[in-house]
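Okay, here's what each chain looks like letter by letter:
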Protein chains: 2
Amino acid sequence: MDIDALRSAHPDHWSKATAIRALTLDAVAAANSGHSGMPMGMADVATVLFEKHMKFDASQPTWFDRDRFILSAGHGSMLIYSLLHLTGYEQFPIEELKNFRQWGARTAGHPENFLAQGIETTTGPLGQGIANSVGFAMAEEMLRAQFGKKLVDHYTYVIAGDGCLMEGVSEEAISLAGRHQLSKLIVFWDNNNITIDGKVELSSSTDQVARFKANNWHVQEIDGHDPEAIDAAITAAKKAGKPSMIACKTHIALGHAAQDTSKGHGALTDAGQLEAAKAAYGWNHGAFEIPSDVKSAWEEIGRRGSEERFAWEGRLGALSERKQEEFQRRVAGDAPKKLASVVRALKKQASETLPKVATRKASEMALEVINPVMPETVGGSADLTGSNNTKTGDLGIFDTDNRKGRFVHWGIREHGMASAMNGMALHGGVKPYSGTFFCFTDYARPAMRLSALMQIAPVYVMTHDSIGLGEDGPTHQPVEHLAMCRATPNTLVFRPADVVETAEAWEIALSQKGTPSVLSLTRQGLPTVRTEHKSKNMVAQGAYVLAEAEGKRQAILMATGSEVAIAMEAKKLLEAEGIGTRVVSMPCWELFEEQDEKIRKRVLPAGPVRVAVEAGVRQGWDKWLLGERGREAKAGFVGMSSFGASAPAEELYEKFGITAEAVAEKVKSLL
Amino acid sequence: MDIDALRSAHPDHWSKATAIRALTLDAVAAANSGHSGMPMGMADVATVLFEKHMKFDASQPTWFDRDRFILSAGHGSMLIYSLLHLTGYEQFPIEELKNFRQWGARTAGHPENFLAQGIETTTGPLGQGIANSVGFAMAEEMLRAQFGKKLVDHYTYVIAGDGCLMEGVSEEAISLAGRHQLSKLIVFWDNNNITIDGKVELSSSTDQVARFKANNWHVQEIDGHDPEAIDAAITAAKKAGKPSMIACKTHIALGHAAQDTSKGHGALTDAGQLEAAKAAYGWNHGAFEIPSDVKSAWEEIGRRGSEERFAWEGRLGALSERKQEEFQRRVAGDAPKKLASVVRALKKQASETLPKVATRKASEMALEVINPVMPETVGGSADLTGSNNTKTGDLGIFDTDNRKGRFVHWGIREHGMASAMNGMALHGGVKPYSGTFFCFTDYARPAMRLSALMQIAPVYVMTHDSIGLGEDGPTHQPVEHLAMCRATPNTLVFRPADVVETAEAWEIALSQKGTPSVLSLTRQGLPTVRTEHKSKNMVAQGAYVLAEAEGKRQAILMATGSEVAIAMEAKKLLEAEGIGTRVVSMPCWELFEEQDEKIRKRVLPAGPVRVAVEAGVRQGWDKWLLGERGREAKAGFVGMSSFGASAPAEELYEKFGITAEAVAEKVKSLL
């Protein structure tokens, strides 16, 4: 690559882009780890994007109508940290860059949304950023339709690498984006032909340009180091009327001895090579030194959007107070006051009428009363709409001709769905929930973990949550998935037992702002166990006494979801033999863990035999069976220890021994 | 669709294909559940494939050189059950079909490889079959190169639906197949334009034909009901020199009132409509009745390959006894006798020289001695070859011009990799192992679960297994992944502490035939803790006393992997204060669970304080801390309860409090 030619052709551009390259080299050298090559290769694209196109105001990083910038190739984190520093984000003084990858720094190895403003999403696990971006762009479309383009009108820009495009989730994402003609989504592909193992040819012969076209995208191919070509391509992309992919031919680690090699992907820390690269750039400044003219030019870019922001604030301020409040509530992600009252009314009705329905149906009943009072909810399903029961009458279908539609047909794309839900939640203004079968948590898992890590609150509606789904067999029957979800930090896992608990779970899930929820819901019908109306949200306690022992308390049965009714049946059997039995419903372990010991002790006192019933694996239950004042000799578990099987549900419960009789027997064997 | 025209144009074909449709309708009606439409739509393709092309012998379903048939759209299981019955597989008498989806039947809701011969892989979770097929086809290429085409020379045929192609893993699979020019892989796309939610347009506008072409495939488009077109397309596909996709335009639920609708996807059980469909077919037979001429014609198809099989057996029998034995050993998946001796030698050397290396490096050391004596191993990495340490000197790279290469550059495709590993394991003759970062278990998870469910034994080499990876931060730091893997039935999860344990784990993993293994390995260096050579494989016991208490045993420290060394340090601190401390290394819980209580009790006796140390979440540890004779008041855990952070590894261990000092303090607080 002829560095001198690049430099002399566009000297102002060159010095701005070089600031990114130099900061990257310095920070990686200081940390002695990190990824140098990508920021060095994509510095020109990023510079032109921020200088000429990105709508943002560095002094107001959370301005709602800003363009969103997503670094899907998150390992190149120094690119975004450099941009945030150079354009003047308060949270990114040069000290942050000097502390790259150190404890407590905002400049983590990969960009973490929860550490700093200006980082729209956590990236690093490849493919997630580009899949998030679909949710960002959908949310923008929806909100533009709802609030008008005077308040919502912005682009989502993505930088994706070869890794992002090899990950399967990228196909789900670009297929969705193409289907929905998300014309304000613009993806730059860092086409540098290098992965960690070597050249891309080593593992791929896919024609990415043809692939994006096949997925109904507008595509351009440019020299990713030519600022004029970059500018022109972005301008054209904005007018494309489709999602647009700009294939940017770049040189990884441009100007460094490791240029165009897989070594260039990683940490370029050799001092001599570093100096040589800087010399080649014509950059004669010390480590972390940015000449003031270059810094000023970048800070002017950081201020470029302030006028537009002022104007936007003016338009917002001109709305009626009520409209402003509603908009601000939506942006803040606060649940409306009406949520509690509609949930309470449904609970009361259910406790009176005692419906026998599957909890997936109970969930639909809850959504039918919630969606009308929460215009921010966006529902969906991964091609199981009739099974997940996530679509309510009032939502409308999101489509190219109905951007106000609030239900998304995600197709058979659980991973892309979850990742787009993350994008929606991060964008703000909407509250995503969507469903698939609980077993396919497996497919959505990478994005579900990121919901928890990113401290956002999408709601995963996971139906068909055990062998209770019956004939579809073990591929569709979760047994370890409750344990998996519960093992994940910062995740609320709800397994409600009836309509009342389901409604309570929904209230809690939709009130979260920093924690995702998983609703584990049955296919099969369940009786109402909450037969006495309480206005208090009992699920919020995590676990509670559903039915007290008659006479002396000799046993405590703990259960969740569909097994609560089995525990209640077992209680009857035991009480008939004079064995006083308490039933504790445990719809949400995480919330119970948060309770004071006093409350936990009241629910789970020392002494009685404890038997837990859940149609999943035992892992995790020992905490409640043996811990919390329990004892090994007086504790038992009735559940699964293997994969399921294909047969009618009732038969499976019999064959796998999850019955009231088995529970009663287990108790008696422990007395 | 003009059924009469189809029927009159090819009457013999029609009656054979109609037998599939009729059996499907009858079985779904009997079960009152299932999926009718797909088998009815693809009956013509399947009939031509089995009649004219598939190399198989129904009387010898496990003949190694048979063509493999993979029903990726597994919900249409009645298609394969019908074929297996009609062609005369012993395990599929008509009674099996009458018991469709019932307890104990081989005709499970989705095809399960472990229930019957003729079912090459378990399908149902969409996209898996087509991704498996890449592994099948790779294994065939490798074995053909190794043993010659007189012994190995067969095709892999796949039927995939729209759901399979929407799942992201399909992109990983077809991109890999295109890259490796797997010319004996032929995929039929059931292009019926219907998903559960409605028409495909509802969620996708992707041009699948263009997409496959972009991924370097040969593509044809045909009428999926025209037997001549089907035959010609298969013939052309075989000659394509590339993987070939045949887009078959079909009508879901052909000839039924629900034809071409999403209702047709599911269970068509209405008796009147069922009879009307049969009448339209000109099929005047009772439920499950196949006229003898049709059955005979099908059985002749089932015998068609017997001559070829005889010839093949002759060629095998003509080999030297030693070559025959080796071939049969490879097919049976038995580890060679030399495995134990090379592992023992490595252990001895390590216990003498006490290397301080990361367990990922230890794993490489093990593979360096194992791969030369196990020509069946196939290694790989999802673009982290230098980090996962899965490539040894002798493997060679699998490529279009080196089919003998035993290392696969999978690219950034963890899910596709794991699913292809499943395909290889199912194909037989090769023993797949491959690596990625442990955190990206998340991406590979759907296929890893299927390894366990399918009772096959790929080895997942998961490096960078905790916060010990340092600066890359929480997106890359597993904390819940050990719990996830351990929660999964039929999975061996190994977390070895040093070279010795790593070598022992490899020996066990490669000796499995029905259970997958996960090796959780460190990035960071660890001291050798097994300083005294034992020829016995101690990891095989799951947990064992690594270091006994000096004097009175007051505490037992339990640890795995990188935390065993911390436990050993803590022991020193405690012993210095006169607190007798035993250290138990627990490299594989599942194997320890299998031990007699006598052995478990010897390792974990009642009485002493127990503290477990593991840089992951506590979930699951209560079994060993509170159960197995433990007590809540005398048990503690030192590990993670949140996501990690970005910083140097040593600092993270300090900050998250996973240190010898913290362990010693915890013990003292419990004494």
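These numbers come from a predicted model, not from an experiment.

Things to note about the overall build of chain A
Within chain A one finds 27 helices and 20 strands. In summary, chain A has a C-alpha radius of gyration of 28 Å against a globular reference of 26 Å for 671 residues, a match within 12%. Seen through its principal axes, chain A has C-alpha atoms that stretch 95 × 55 × 45 Å. Within chain A, the fraction of its 671 residues that count as buried is 69%. Long-range pairs, those at least 24 residues apart, make up 78% of the contacts in chain A with a sequence separation of at least 6. Entry remark: accessible area of chain A is about 20,300 Å², with carbon and sulfur atoms responsible for 48%. Taking the average place of the 74 positive charges on the side chains of chain A and the average place of its 83 negative ones, the gap between the two points comes to 6 Å.

So, the sheet that holds strand 1 (residues 68-71) of chain A
Residue and element names in this part refer to chain A. The sheet built from five strands is open, its strands ordered 1-2-3-7-6 with parallel pairing. If you trace the sheet from one side to the other, it starts and ends with strand 1 and strand 6 (218-223), each paired once. Shown here is a sheet whose adjacent strand axes are inclined to one another by a mean of 20 degrees, direction ignored. As paired strands, strand 2 (residues 156-160) and strand 3 (residues 185-191) are joined by five bridges and run parallel to one another.

Points about the sheet that holds strand 12 (residues 459-463) of chain B
Residue and element names in this part refer to chain B. Read across the sheet, six strands follow the order 10-9-11-12-14-13 without closing on themselves; strand pairing throughout is parallel. Single-partner strands in this sheet number two, and they are strand 10 (407-409) and strand 13 (492-494). Here the average twist between neighbouring strands, direction ignored, is 20 degrees. In terms of strand pairing, strand 12 meets strand 14 (residues 517-520) through four bridges, oriented parallel. By the bridge assignment, Y460 is partnered in strand 14 with V518.

Concerning the UniProt feature "active site" (unreviewed entry) in chain A
UniProt records the feature "active site" (unreviewed entry) for A:E414 in the present numbering. Those residues in contact with A:E414 that sit more than four places away from it in its chain are A:E172, A:A382, A:T436, A:F440, A:Y443, A:A444 and B:E167.

Details of unusual backbone geometry
All names here are of chain A. One non-glycine residue with positive phi stands out, namely R101, at about 70 degrees. Tracing the sequence through the fold places R101 in the loop between helix 5 (94-98) and helix 6 (128-147). If you check the backbone angles, R629 has positive phi at about 75 degrees while not being a glycine. Here R629 lies in the loop between helix 25 (622-625) and strand 20 (635-639). You can call R629 buried: its relative accessible area is 17%.

A word on the relation of the copies chain B and chain A
Superposing chain B onto chain A requires a rotation of 180 degrees together with a translation of 0.0 Å along the rotation axis, leaving an RMSD of 0.0 Å. Between the two chains, the operation in question is that of a two-fold axis. Residues of chain B ranked by C-alpha distance from the rotation axis are headed by B:G168, positioned 1.9 Å from it. Both copies present the same face, since 100% of the interface residues in chain B are matched by interface residues at the equivalent positions in chain A.

Some details on the environment of A:L346
All names here are of chain A. As for its placement among the helices and strands, L346 is situated in helix 15 (residues 338-353). L346 gets classed as buried once you look at its relative accessible area, which sits at 6%. C-alpha of L346 to C-alpha of M365: the two residues are 19 residues apart in sequence and 8.2 Å apart in space. Apart from residues no more than four positions distant in its own chain, L346 is found in contact with M365, A366, V369, V499 and A503.

Structural notes on the UniProt feature "binding site: substrate" (unreviewed entry) in chain A
The feature "binding site: substrate" (unreviewed entry), as given by UniProt, occupies A:H35, A:H265, A:R360, A:S387, A:H464, A:D472, A:H476 and A:R523 in the numbering adopted here. Spanning 489 residues, the named residues do not form one spatial group; their C-alpha atoms are separated by as much as 47.9 Å. Inspection of the secondary structure assignment puts A:H35 in the loop between helix 2 (11-31) and helix 3 (37-53). Classification of A:H35 by relative accessible area gives buried; the value is 13%. A:H35 has contacts with A:T24, A:V28, A:H75, A:G76, A:R101, A:H265, A:G266 and B:D472, leaving out every residue within four places of it along the chain. With respect to the helices and strands, the residue A:R360 is situated in helix 16 (residues 359-370).

Thoughts on helix 8 (residues 168-179) of chain B
Residue and element names in this part refer to chain B. Between its terminal C-alpha atoms helix 8 stretches 17 Å, which fits the 16 Å expected from twelve residues at 1.5 Å a residue. Of all twelve residues that make up helix 8, twelve are buried, and the element is covered over most of its length. Of the residues making up helix 8, those classed as buried are G168, V169, S170, E171, E172, A173, I174, S175, L176, A177, G178 and R179. Among the residues trailing helix 8, Q181 stands out with phi positive, at a value near 50 degrees.

Quick word on the pairing of strand 11 (residues 431-437) of chain A
Residue and element names in this part refer to chain A. For strand 11, the tally of buried residues reaches seven of seven residues, placing the bulk of the element in the interior. Pairing analysis gives three bridges linking strand 9 (residues 377-381) to strand 11, with the strands arranged parallel. Each bridged residue has a counterpart across the sheet, and for V378 the counterpart in strand 11 is P432. Once you follow strand 11 into helix 19 (residues 441-454) and on to strand 12 (residues 459-463), the crossover reads as right-handed.

Concerning the interface of chain B and chain A
Taken residue by residue, the interface counts 101 residues in chain B and 102 residues in chain A. Regarding the contact of chain B and chain A, the summed buried area is about 7,900 Å², with carbon and sulfur atoms giving 56% of it. For the chain B face of the interface with chain A, the top three residues by lost area are B:W103, B:Y443 and B:R449, together amounting to 10%. A:R445 serves as the salt-bridge partner of B:E480, at 2.5 Å between the closest nitrogen and oxygen. Summed over the shared surface of chain B and chain A, the result is 62 residue pairs in polar contact (both at pLDDT 80 or more). Within the side of chain B that touches chain A, the residues separate by chemical class into 36 nonpolar, 38 polar and 27 charged.

Brief notes about the packing of aromatic side chains
When we look at a pair of aromatic rings, we describe it by the centre distance and by the angle of the planes. Under the criterion given, the structure shown has 42 aromatic pairs over all chains. Between A:F64 and A:F327, the ring centres sit 5.7 Å apart and the planes meet at 90 degrees, which makes this aromatic pair edge-to-face. Here A:F327 lies in helix 14 (residues 321-332) and A:F64 lies in the loop between helix 3 and strand 1, a separation of 263 residues in the sequence. Judged on exposure class, the residue A:F64 and its partner A:F327 are both buried. In this structure, B:R68 is placed above the aromatic ring of B:F64, and the distance from its NZ or CZ to the ring centre is 5.3 Å. One Lys or Arg, B:K238, reaches over the ring of B:Y155 and ends 5.5 Å from the middle of that ring.

Remarks on the environment of A:V158
Structurally, A:V158 is set in strand 2. Not counting the four nearest positions on each side in its chain, A:V158 is found in contact with A:I70, A:S72, A:I130, A:S133, A:L185, A:I186, A:V187 and A:F188.

Concerning the packing of helix 2 (residues 11-31) of chain B against helix 3 (residues 37-53) of chain B
All names here are of chain B. Look at helix 2 against helix 3: their axes get within 9 Å of each other, and the N-to-C directions meet at 135 degrees. With respect to their mutual orientation, helix 2 and helix 3 come out oblique. Judged by the sense of rotation from one axis to the other, the crossing of helix 2 with helix 3 is right-handed. Mapping the contact onto sequence places H13, K16, A17, I20, R21, T24 and L25 in helix 2 and P39, M40, A43, D44, T47, V48 and E51 in helix 3. A breakdown of the residues in the contact of helix 2 with helix 3 according to their chemical character gives seven nonpolar, three polar and four charged.

Let's talk about the side chain of B:T491
Residues and elements named next belong to chain B. Note that T491 resides in the loop between helix 20 (481-487) and strand 13. Of note is the side chain of T491, whose polar atom sits 3.2 Å from the backbone oxygen of P489. With residues near it in sequence (within four places) discarded, T491 still touches A452, C485, T515, P516, V518 and E590.

Looking at the side chain of A:R449
Relative to the assigned elements, A:R449 resides in helix 19. One polar contact links the side chain of A:R449 to the main-chain carbonyl oxygen of B:P474, over a distance of 3.0 Å. Once you skip the residues sitting within four places of it in the chain, A:R449 turns out to touch B:C439, B:D442, B:P474, B:T475, B:Q477, B:P478, B:V479, B:E480, B:H481 and B:F643.

Rules used in this analysis
Residues numbered from 1 in each chain as written. Chains lettered and ligands numbered in written order. Predicted model: local features only at pLDDT ≥ 70, side-chain atom pairs only at ≥ 80, totals over all residues. Heavy atoms only, no water. Helix = DSSP H or I, 4+ residues; strand = E, 2+ residues; numbered from the N terminus. Rg over C-alpha atoms; globule rule 2.2 N^0.38 Å. Buried < 20%, exposed > 50% of the residue type's maximum accessible area, 1.4 Å probe, protein only. Contact = heavy atoms within 4.5 Å. Areas by Shrake-Rupley, 256 points an atom, 1.4 Å probe, with all protein chains shown as cover. Lys, Arg positive; Asp, Glu negative; His and termini not counted. Charge placed at Lys NZ, Arg CZ, Asp CG, Glu CD. Pairing = 2+ DSSP bridges. Axes fitted to C-alpha atoms, helices over the stretch in contact; angles between N-to-C directions. UniProt positions renumbered as here; feature names shortened; annotations may be inferred. Least-squares fit on C-alpha atoms with pLDDT ≥ 70 in both. Expected span 1.5 Å × (residues − 1). Right-handed = clockwise from strand over helix to strand, strands pointing away. Buried area = accessible area lost by both parts, 1.4 Å probe. Salt bridge = Lys/Arg side-chain N within 4 Å of Asp/Glu carboxyl O. Polar contact = N/O pair within 3.5 Å; in protein donor to acceptor, adjacent residues only side chain to side chain. Nonpolar A, V, L, I, M, F, W, Y, C, P; charged D, E, K, R; others polar. Phe/Tyr/Trp six-rings, centres within 6.5 Å; stacked < 30°, edge-to-face > 60°. Lys NZ or Arg CZ within 6 Å of the ring centre and 35° of its normal. Parallel < 35°, antiparallel > 145°, perpendicular 65-115°, else oblique. Left-handed = near helix turned anticlockwise from the far one by under 90°.

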